[in-house]
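Commentary on secondary and tertiary structure
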Amino acid sequence: MNNSSPRKVRKVVLPVAGLGTRFLPATKVIPKEMLTVVDKPVIQYAVEEAIEAGIEHFVFVTGRGKGAIEDHFDMAYELEATLKARGKTAAFEMLEGSRPVAGGASFVRQQEPLGLGHAVWCARELVGDEPFAVTLPDMLIHGRPGALAQMIETYNARGGNIVATEEVPESHVDRYGILALGESYDEDTHRIIGMVEKPKLEDAPSNLIISGRYILQPEIFDKLEKQKPGAGGEIQLTDSMIALLKEQDFFAYRFKGTTYDCGDKVGYLAANLAYALDRDDIAPAFKPILQSFAEK
Ligand code: G1P
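Residues numbered from 1 in each chain as written. Predicted model: local features only at pLDDT ≥ 70, side-chain atom pairs only at ≥ 80, totals over all residues. Heavy atoms only, no water.

1. A short note on the pattern of salt bridges
Which entries qualify depends on this criterion: Any carboxyl oxygen of Asp or Glu that lies within 4 Å of a side-chain nitrogen of Lys or Arg is treated as forming a salt bridge with it. Here a helix means four or more residues in a row that DSSP labels H or I, a strand means two or more in a row labelled E, and each is numbered from the N terminus. The rule is simple: take the accessible area with a 1.4 Å probe, protein chains only, and divide by the maximum for that residue type; under 20% is buried, over 50% is exposed, in between is partly exposed.
The full count for this structure, using the stated rule, is 18 salt bridges. Linking glutamate 56 and arginine 10 is a salt bridge whose minimum nitrogen-to-oxygen distance equals 3.5 Å. Pair noted here: glutamate 56 is in the loop between helix H1 (42-52) and strand E4 (57-62) and arginine 10 is in the segment before strand E1 (11-15), with a separation of 46 residues, a long-range link. Linking lysine 256 and aspartate 188 is a salt bridge whose minimum nitrogen-to-oxygen distance equals 3.2 Å. Highlighted residues: lysine 256 in the loop between strand E12 (250-254) and strand E13 (258-261) and aspartate 188 in the loop between strand E9 (177-186) and strand E10 (189-197), separated in sequence by 68 residues. Its relative accessible area of 18% is what places aspartate 188 among the buried residues. Connected via shared salt-bridge partners are Lys8, Arg10, Lys11, Glu56 and Glu130.

2. Here's the deal with the nonpolar core
Put simply, the rule reads: Put simply, buried Ala, Val, Leu, Ile, Met, Phe, Trp, Tyr and Cys residues joined by side-chain atoms within 4.5 Å make one nonpolar core. Only heavy atoms matter for contacts: two residues are in contact if any of them lie within 4.5 Å across the pair.
Core analysis: the biggest nonpolar cluster contains 29 residues, and Leu14, Ile55, Phe58, Phe60, Leu148 and Ile215 have the highest contact counts within it. Breaking this core down by element, the ones donating at least two residues are E1, H1, E4, helix H7 (147-158), strand E8 (161-167) and E12. The greatest single-element share of this core, amounting to six residues, is contributed by H7. When neighbours within four sequence positions are excluded, leucine 14 is seen to be in contact with Ile43, Ala46, Val47, Phe58, Val59, Phe60, Val61 and Thr135. Core analysis: the second largest hydrophobic core is formed by 28 residues, Val61, Met195, Leu224 and Leu237 among them.

3. Here we look at the site of the ligand
Counted only if it meets this: Throughout, the term near means that a residue has one or more heavy atoms lying within 4 Å of the molecule or strand in question. Here a polar contact means two N or O atoms within 3.5 Å. Within protein one must be a hydrogen donor candidate and the other an acceptor candidate, and residues neighboring in sequence count only if both atoms are side-chain atoms. Areas reported as accessible are Shrake-Rupley estimates using a 1.4 Å probe. Residue values count occlusion only from the protein chains shown. In this analysis a 1.4 Å probe is tested at points of a 1 Å grid over the protein atoms alone, and where it fits but cannot get out there is a cavity; an open set with protein on both sides within 12 Å along at least five of seven lines is a pocket; lining residues have an atom within 4 Å of a point. To be counted as sitting in a cavity or pocket, a molecule needs more than half of its atoms within 2 Å of that site's grid points. Residue classes follow a fixed rule: Ala, Val, Leu, Ile, Met, Phe, Trp, Tyr, Cys and Pro count as nonpolar, while Asp, Glu, Lys and Arg count as charged, and any other residue, Gly among them, counts as polar.
Near the ligand, the surroundings consist of Leu116, Leu136, Met139, Tyr176, Gly177, Glu197, Lys198, Ile210, Tyr214, Gln236 and Thr238. Within the contact set of the ligand, an oxygen atom lies 2.6 Å away from a backbone nitrogen or oxygen of isoleucine 210. Contact with the protein chains covers 78% of the free accessible surface of the ligand, which is 370 Å². A molecule is said to occupy a pocket when more than half its atoms come within 2 Å of that pocket's grid points, and by this definition the ligand occupies the largest pocket. Grouping the amino acids of the shell around the ligand by side-chain chemistry returns six nonpolar, three polar and two charged.

4. What about the packing of aromatic side chains?
Stated formally: Between the rings of Phe, Tyr and Trp (Trp by its six-membered ring), a pair exists once the centres lie within 6.5 Å; its type follows the angle of the planes, with under 30 degrees stacked, over 60 edge-to-face, and the other angles tilted. When the NZ atom of lysine or the CZ atom of arginine is within 6 Å of a ring's centre and also within 35 degrees of its normal, the charge is said to sit over that ring.
Evaluation of the coordinates by the stated rule reveals seven aromatic pairs. Consider the rings of phenylalanine 23 and tyrosine 268, whose centres lie 5.5 Å apart with planes at 80°: the pair is edge-to-face. Here tyrosine 268 lies in helix H10 (residues 265-277) and phenylalanine 23 lies in the loop between E1 and strand E2 (36-37), a separation of 245 residues in the sequence. We note that phenylalanine 23, like tyrosine 268, is buried. Measuring from ring centre to ring centre gives 5.0 Å for phenylalanine 132 and phenylalanine 221, while their planes differ by 10°; the resulting arrangement is stacked. Of this pair, phenylalanine 132 sits in strand E6 (residues 132-135) while phenylalanine 221 sits in helix H8 (residues 220-226), placing them 89 residues apart in sequence. The exposure classification of phenylalanine 132 matches that of phenylalanine 221, with both residues buried. In this structure an aromatic cluster arises from ring pairing among Tyr45, Tyr260 and Tyr275. One residue, arginine 158, lies across the ring of phenylalanine 251, its end atom 5.7 Å from the ring centre. Taking NZ or CZ as reference, arginine 254 lies 5.1 Å from the ring centre of phenylalanine 255, over its face.

Structure, rendered in structure tokens:
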């Protein structure tokens, strides 16, 4: 078991190569990660959550047609110069504060859609031999502090590998990776003793899902290298974690916050409502409209 004192988590891998077929026609030209929740692209919430958690380097695993993501996290020179010249300081500062620092982002392409495990493996050279985070941007987590900051705090205390978890209704277990838990360390942290990717309800060891945030040790790349396709014929990150579980500690962490699965239309719409209701500049005008719908 891995008992060495935990090394700092400096990098996050953001798999963003998915085709977004569930959101066609919106995603015919626009990457699904660029769809907005209120006025911010889904991917930007993930980046801001990671900045808050102290992450220094962002590794985006992209694919063809995802150029807008790279442009979004670049400086928009003409736009920013114009905002500055016109004295629109708040808008200028908002843009400036919401992107990685110069040199703080790397982009690598997953050439074929072979699965999440393959996408993470594509980041191996950019991550190197150090622990790293993985954020699946579709899983938008509304929490203060953000879910990744909470996980890094747990990781710093415990080391090993950490997987964010939460309960879902039984009817949803076949959409996710599912955890089997062992001993508990505190109310929110348990040892993981098993995992299964997208099981049928009767095969699921619990209704605790893998919630799209991970802190992983670099040895996962050796497992991914050899990983055979699993559920859905794809190379699954979950299957490589199962292999690493024999050698290293894995902990499930129940973060504080609410998840909106923006890979699903209903989840995406719910995210828009929740984030709008959380905004002082929008909620007062929006709430009565929402109430009028509820009364229909
Ligand atoms: C992936 C993971 C799964 C996890 C889910 C969270 O599945 O393989 O274990 O529960 O993300 O969204 P995907 O949604 O890519 O099919």
